[in-house]
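# A look at the structure
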Amino acid sequence: MKIIRLADVQSGGASVSYRPERGWQISSPLPPEETAAAWEVKDSREVLSAFTFLRSQAKDWRTDYFLSPEELEKKLHAGKVRAVLSCTAFLLIETRTSYERLYYGSTCAGALTELLRSALPCSTLPLVVDLIADKDEGGRVQLVDGFTHCGFQQQFRLRRMTRIQKRLQDLAVPADKFARPSETDEITRLLQRNFDVMTENVPSCEEIRAAIQRREIFAARRDGRVVAVFWLARHGKRGEARYWLADPAYRGHGDFPGVAVYWDALRLMKGLRVVTLFVKEENAPVIKMHLANGFRFDGLEDMVFTKKGMAEDDERKD
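All of these numbers come straight from a predicted model, not from anything done at the bench.

Thresholds applied
Position numbers for residues count from 1 along each chain, tracking the sequence in the order it is written. Totals for whole chains, interfaces and linings use every residue, but because this is a predicted model, local features are given only for residues with pLDDT of at least 70 and side-chain atom pairs only at 80 or more, for both listing and counting. Remark: hydrogens and water are excluded; side-chain values derive from all non-hydrogen atoms of the structure. Strands here are runs of E lasting at least two residues and helices are runs of H or I lasting at least four, both read from the DSSP assignment and numbered beginning at the N terminus. Whether two residues are in contact is decided by their heavy atoms, any of which lying within 4.5 Å being enough. In this scheme, a residue with accessible area under 20% of its type's maximum is buried, one over 50% is exposed, and one in between is partly exposed, where area comes from a 1.4 Å probe on protein chains only. Here the term cavity refers to a set of points on a 1 Å grid, laid over the protein atoms alone, in which a 1.4 Å probe fits but cannot get out; the term pocket refers to an open set having protein on both sides within 12 Å along at least five of seven lines, with lining residues being those that place an atom within 4 Å of a point. Grid points are joined across faces, edges and corners, and a volume is the space filled by probe spheres set on the points. A strand pair is defined by DSSP finding two or more bridges across the two strands. Aromatic pairs are defined between Phe, Tyr and Trp rings, using the six-membered ring for Trp, whenever the two ring centres lie within 6.5 Å; interplanar angles under 30 degrees are classed as stacked, those over 60 as edge-to-face, and all others as tilted. Here, over-ring charges are defined by two tests on the NZ atom of lysine or the CZ atom of arginine: distance to the ring centre within 6 Å, and angle to the ring normal within 35 degrees. Any pair of nitrogen or oxygen atoms within 3.5 Å is treated as a polar contact; in protein, a donor-acceptor pairing is required on top of that, and neighbouring residues in sequence qualify only through side-chain atoms on both sides. For every residue, the predictor states its confidence as a pLDDT score lying anywhere from 0 to 100. The salt bridge definition used is simple: a Lys or Arg side-chain nitrogen within 4 Å of an Asp or Glu carboxyl oxygen. Residue types Ala, Val, Leu, Ile, Met, Phe, Trp, Tyr and Cys, when buried and joined through side-chain atoms within 4.5 Å, form a set referred to as a nonpolar core.

### A few points about the overall build of the protein chain
Scanning the protein chain from terminus to terminus reveals 10 helices and 15 strands. Sequence-distant contacts in the protein chain: of pairs separated by 6 or more residues, those separated by 24 or more amount to 71%.

Here you go:
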């Protein structure tokens, strides 16, 4: 599969068109063997249209793409995201400070594997991707092989847990249990210091500020500063526990601020029908705590893969 830029296609007398009944198509005066089967675009409308069409046609839909249309459009306009489309799959590559993150969507495992092997752009920066699939899913093995063939290595595995509340309870949470807008920068630094910024997808300062305004982040304070947070995103009666951490200096001492924010968030969880979270499979103490509070493994796993950038390979050669 040959990959070309959309601008090059159009300047060469060819055109790319999208039709609801047929999807993305490329027309070219070139012989069929020279016609590209995948192309790079920068128009958010084209990416979103392809995303919608592929999902509607999928027999075995899979993706790790969870950006909102507004977020994607901003990133495309800022030149932070480039997209590669084929008739059956797409790749989105977002450039960050020291690495790039890969998002994907495809009609089936085979379509994604084909696009990865033939059209994954080269990068000087490390590339990170999440493979989200059921542990017993047949297509997962094919995708793992596809990522491995392209030079990716698995870093760790997360397992998803789900909590179902049959009888909802509307329990009040005191206002001082939530993070304050003035604490945005402090919480951002706390996350950056305690997470691997490359493999764990730390949110931006803007995302944290918006979550605080929605009262999704619980905070514990000691000596006038935030030392623990629990981020519970809410969508109607469904919730997603995104981040939970405590400053290492306050773990296992005193009144356990990390546990305190957990209990605060749990009060709010009792008013939600379903809450999900991901946990590292080797984190036995945290898994035990979740199990004691109604969470159960649901079979979904997130395997985090990384691929070295060309700059890293060049340094090793030197």
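### Overview of unusual backbone geometry
Positioned with a positive phi, arginine 215 is a non-glycine residue whose angle comes to about 60°. Positive phi, normally seen in glycine, also occurs at aspartate 223, with a value near 55°. When you line up the elements, aspartate 223 lands in the loop between strand S11 (217–222) and strand S12 (225–235). The exposure class assigned to aspartate 223 is exposed, which follows from its relative accessible area of 73%.

### Examining the layout of surface pockets
As a volume, the second largest pocket reaches approximately 210 Å³. Of all elements in the fold, only helix H4 (109–119) and helix H10 (310–317) reach the threshold of two or more residues within the lining of the second largest pocket.

### Notes on the pairing of strand S13 (residues 238–246)
Bridge count between S12 and S13: 8 bridges; the pairing is antiparallel. Considered in S13, the bridge of valine 229 is made with leucine 245. As paired strands, S13 and strand S14 (residues 274–280) are joined by 4 bridges and run parallel to one another. Within S14, the position partnered with alanine 241 by the bridge is leucine 277.

### Considering the packing of aromatic side chains
One pass over the full model with this rule turns up 10 aromatic pairs. Where tryptophan 231 meets tyrosine 243, the ring centres are 5.6 Å apart and the plane angle is 45°; that geometry is what we call tilted. Residue tryptophan 231 is found in strand S12, and its partner tyrosine 243 is found in strand S13; the two are separated by 12 residues along the sequence. Accessibility classification places tryptophan 231 together with tyrosine 243 in one group, the buried group. Following the ring pairs from residue to residue traces out a cluster consisting of Tyr104, Phe147, Phe152 and Phe305. Stacked on the ring of tryptophan 231, the Lys or Arg arginine 242 has its end atom at 4.4 Å from the ring centre. The ring of phenylalanine 156 carries lysine 280 above its face, with NZ or CZ at 4.5 Å from the centroid.

### Here we look at the side chain of aspartate 130
With respect to the element layout, aspartate 130 can be found in strand S9 (residues 127–134). Exposure remark for aspartate 130: the relative accessible area of 12% places this residue in the buried category. Side-chain polar atoms of aspartate 130 contact the side chain of arginine 101, separated by 2.5 Å. Excluding residues within four positions of it along the chain, aspartate 130 makes contact with Asp64, Arg101, Tyr104, Asp302, Met303 and Val304.

### A look at the confidence of the model for the protein chain
Scored by pLDDT, the protein chain comes out at a mean of 81, with 81% of its residues at no less than 70. Mean pLDDT across the elements of the protein chain ranges from a minimum in strand S1 (residues 3–5), with 38, to a maximum in S11, with 96. In the model, residues 1–24 has pLDDT below 50 throughout and makes 59 contacts with residues more than four positions away in sequence or in other chains. For the stretch residues 26–36, pLDDT sits under 50, and the model shows 18 contacts to residues farther than four places along the chain or on other chains.

### What to know about the side chain of glutamate 216
Secondary-structure assignment places glutamate 216 in the loop between helix H7 (205–213) and S11. The exposure class of glutamate 216 is buried, given its relative accessible area of 4%. At a separation of 3.0 Å, a polar atom in the side chain of glutamate 216 contacts the side chain of arginine 214. A distance of 3.2 Å separates the side chain of glutamate 216 from the side chain of tryptophan 231, its partner in a polar contact. Glutamate 216 has contacts with Ala211, Phe230, Trp231, Leu232, Ala233 and Arg234, leaving out every residue within four places of it along the chain.

### Digging into the pattern of salt bridges
Using the criterion set out here, one finds 12 salt bridges in the structure. Across the pair glutamate 100 and arginine 82 runs a salt bridge whose closest N-O atoms are separated by 3.0 Å. With a gap of 18 residues between them, glutamate 100 in strand S8 (residues 100–106) and arginine 82 in strand S6 (residues 81–86) connect regions that are remote in the sequence. Arginine 82 gets classed as buried once you look at its relative accessible area, which sits at 19%.

### Some thoughts on the nonpolar core
Of all hydrophobic cores here, the largest spans 24 residues; its most connected members are Phe218, Phe230, Leu232, Met269 and Phe295. Those elements giving two or more residues to this core turn out to be S11, S12, S13, helix H8 (257–269), S14 and helix H9 (284–292). The next biggest cluster of nonpolar side chains, apart from the first, holds 22 residues, and it includes Leu91, Ala111, Phe147 and Met303.

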